[in-house]
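# Summary of the model geometry
The primary structure of each chain is shown beneath.
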Amino acid sequence: MSTVASPSRRLGWFADRPIGVKIGAVIALLAVVVLGTNALAVTRINDMSAGQEAIYEQNLKPLNALSAVQRATAAHRARVLEYAFSDPARQQELIGQMDEKQADVDAALAEYESHIVSQEAMDKYLTARADLLDLLTTTAFPLGASGNVVGYGQLVRETMQPYFDDIADGLEEEGIAQSEQAAARNAAAADEASSSVTLLLTVSIIAIIVAAALAFLVVRRILATVRSVHASVEAMADGDLTVHPVARDRDEIGQMADSLAVAQENLRSVMASVVASSDAVAAASEQLSASSAQISASAEETSAQSGVVSSAAEEVSRNVATVAAGADEMSSAIREISQSVNEATRVAAQAVGEAQATTATIQKLGTSSQEIGAVVKAITSIAEQTNLLALNATIEAARAG
């Protein structure tokens, strides 16, 4: 079970996602922002393109048609003014040209009709044109054909000129209205472009701020957990197992912090077990030292008893030598005693070896002690038998003497 402290988390589900998911979310947010702003920019550009297309189709092209009307009207007017001053052949030619120009005017007017901005100005132009054409047919051309230049000039000044003025003013007013409409559409397109730029900048700045804030928050939380793990590891290097790592999230680094906390708990348990085992080993060592001292004392006592037995055997040998005459049976007994003494010495040496071996292994201590006790008992028994034989030998020697 993890013992890592987990502070309150405000990111919830997102905070527990893997680091790759968090970084991917930031990149995805930036990608969405880029795609969104690009889509918005494309939409706005298309709208501006449509606006420019509308200006071209509904203002510039109609202005070309209106210019064609003005040019054809001006050419027609020039020929009307020339008519009275030409010979009959030229007059016929001029009439044909004027018909052509009127045909051009009609074609240009048909093309421009759907783009009229000021119907009042066009009505003024059309009315004056119709009246002028009627005047030309009924009065001006017959008067000019008669050669009455003065009358024709007076007709131009007094009657035709107001028609010319209305025709020019109507076309000019329509051109101004058309230009104003184009200027208004162009201004609207400029305003739309400006608002599009403002919107794109605003959306981009907001998105960058949000992405930067998200990235900062993710990096900050990751670094906080990393610093906590680093501090805990440094404390462990100094021998302090009480500094716990703080896992803010449940991502890879948070899981690492959990694992480090579990490792600290396990290490503390192991250290506690080692301390307890050390106490037990120290107590066992003290018991072993005491047992070794006791075994050494027992070995020394056994060696002393063996020396006593050896002295007694020598004394018996001297007594037997003095009574050699009747001591065949005694000699045999003495040899047996000597063998017993040698056996006792060997057993004593074996007991010393066993005592040294017990310092290496506590498990055989009891058994070795029991064996040494048994040897000591055997030596004691042999000594008692030796004393008995010595007493018997003394009695036999006394009897022999």
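On a predicted model such as this, the values are computed, not experimentally measured, just so you know. (Residues numbered from 1 in each chain as written. Predicted model: local features only at pLDDT ≥ 70, side-chain atom pairs only at ≥ 80, totals over all residues. Heavy atoms only, no water.)

Along its length, the protein chain carries seven helices and zero strands. Starting at the N terminus and walking to the C terminus, you meet the elements of the protein chain as α-α-α-α-α-α-α. Looking at the protein chain residue by residue over its 401 residues, the buried ones come to 29%. When contacts within the protein chain are restricted to residue pairs at least 6 apart in sequence, those whose partners lie at least 24 apart make up 75%. Approximately 23,300 Å² of the protein chain is accessible, and the part contributed by carbon and sulfur atoms is 59%. (Helix = DSSP H or I, 4+ residues; strand = E, 2+ residues; numbered from the N terminus. Buried < 20%, exposed > 50% of the residue type's maximum accessible area, 1.4 Å probe, protein only. Contact = heavy atoms within 4.5 Å. Areas by Shrake-Rupley, 256 points an atom, 1.4 Å probe, with all protein chains shown as cover.)

The next point concerns the pattern of salt bridges. Tallying each qualifying case throughout the model produces four salt bridges. Of the charged contacts in the structure, one is a salt bridge between arginine 90 and glutamate 93, with a shortest N-O distance of 3.2 Å. Of this pair, arginine 90 and glutamate 93 both sit in helix 2 (residues 88-112), separated by three residues, roughly a single helical turn. With a relative accessible area of 43%, glutamate 93 lands in the partly exposed category. Note that aspartate 106 is salt-bridged to arginine 129, the shortest N-O span being 2.8 Å. Of the two residues, aspartate 106 sits in helix 2 while arginine 129 sits in helix 3 (residues 119-145), which places them 23 residues apart along the sequence. Here aspartate 106 falls in the partly exposed class, since its relative accessible area comes to 40%. On the basis of relative accessible area, arginine 129 is assigned to the buried category, the value being 13%. (Salt bridge = Lys/Arg side-chain N within 4 Å of Asp/Glu carboxyl O.)

One turn of the α-helix equals 3.6 residues, which is why residues spaced by three or four share an orientation. An ideal rise of 1.5 Å per residue puts 36 Å on 25 residues; helix 2 measures up with 35 Å between its terminal C-alpha atoms. Buried residues of helix 2: Gln91, Leu94, Gln97, Met98, Gln102, Val105, Ala108, Leu109 and Tyr112, and no others. (Expected span 1.5 Å × (residues − 1).)

Val69, Val80, Tyr125, Leu136, Tyr152 and Met160 are the most contacted members of the largest nonpolar core, which has 28 residues in total. Counting residues per element, the ones that place at least two in this core are helix 1 (19-83), helix 2, helix 3 and helix 4 (149-237). It is helix 3 that contributes the most residues to this core, eight residues altogether. (Core = buried A, V, L, I, M, F, W, Y, C linked by side-chain atoms within 4.5 Å.)

So, about the side chain of histidine 76. Within the element layout of this structure, histidine 76 appears in helix 1. Look at histidine 76 and you get buried, because its relative accessible area is 4%. Residue contacts for histidine 76: discarding those within four places in its chain leaves Met98, Lys101, Gln102, Leu133 and Leu136.

With that settled, the discussion passes to a nonpolar patch on the surface. A contiguous nonpolar patch, built from Val197, Leu201, Ile205 and Ile209 and spanning about 380 Å² of accessible area, is present on the exposed surface. Relative to the elements of secondary structure, valine 197 occurs in helix 4. By relative accessible area, which is 45% here, valine 197 ends up partly exposed. (Patch = residues over 30% accessible without salt bridge, like charges linked within 9 Å, V, L, I, M, F, W, Y side chains within 5 Å.)

Moving on to empty space enclosed by the protein. In total, this model carries one cavity of 30 Å³ or more according to the counting rule given. Its boundaries defined by the atoms lining it, the largest cavity holds a volume of some 70 Å³. Around the largest cavity, the lining residues are Thr73, His76, Arg77, Gln102, Val105, Tyr125, Arg129, Leu132, Leu133, Phe164 and Ile167. Listing elements by their share of the lining of the largest cavity, those giving two or more residues are helix 1, helix 2, helix 3 and helix 4. (1 Å grid on protein atoms, 1.4 Å probe; cavity = no way out; pocket = protein on both sides within 12 Å on 5 of 7 lines; lining within 4 Å. Points joined across faces, edges and corners; volume = space filled by probe spheres on them.)

Residues with a pLDDT of 70 or more make up 76% of the protein chain, whose mean pLDDT is 78. Taking the mean pLDDT of every element in the protein chain, the minimum, 62, falls on helix 6 (residues 328-358) and the maximum, 94, on helix 3. (pLDDT = per-residue confidence, 0-100.)

The next thing to look at is the packing of aromatic side chains. Using the criterion set out here, one finds two aromatic pairs in the structure. Through pairs of rings, three or more aromatic residues link up here, namely Tyr83, Phe141 and Tyr152. (Phe/Tyr/Trp six-rings, centres within 6.5 Å; stacked < 30°, edge-to-face > 60°.)

Interaxial distance between helix 2 and helix 3 falls to 13 Å at its minimum, and their mutual angle equals 170°. Taken together, the axes of helix 2 and helix 3 lie roughly antiparallel to each other. Listed contacts from helix 3 to Gln91, Ile95, Met98, Gln102, Val105, Asp106, Leu109 and Tyr112 of helix 2 are Met122, Tyr125, Leu126, Arg129, Leu133, Phe141, Gly144 and Ala145. Of the residues assigned to the contact of helix 2 with helix 3, the class counts are 11 nonpolar, three polar and two charged. (Axes fitted to C-alpha atoms, helices over the stretch in contact; angles between N-to-C directions. Parallel < 35°, antiparallel > 145°, perpendicular 65-115°, else oblique. Nonpolar A, V, L, I, M, F, W, Y, C, P; charged D, E, K, R; others polar.)

Within the secondary structure, glutamine 97 is located in helix 2. Take glutamine 97: its relative accessible area is 18%, and that puts it in the buried class. Ignoring anything within four residues of it in the chain, the contact list for glutamine 97 reads Arg79 and Arg90.

What follows is about the packing of helix 3 against helix 4. Running from N to C, helix 3 and helix 4 cross one another at 160°; their axes reach a closest spacing of 8 Å. As summarised for this structure, helix 3 and helix 4 are arranged roughly antiparallel, according to the angle between their axes. As helix 3 packs across helix 4, the resulting crossing turns out to be left-handed. Of the residues belonging to the contact of helix 3 with helix 4, the class tally is 16 nonpolar, five polar and seven charged. (Left-handed = near helix turned anticlockwise from the far one by under 90°.)

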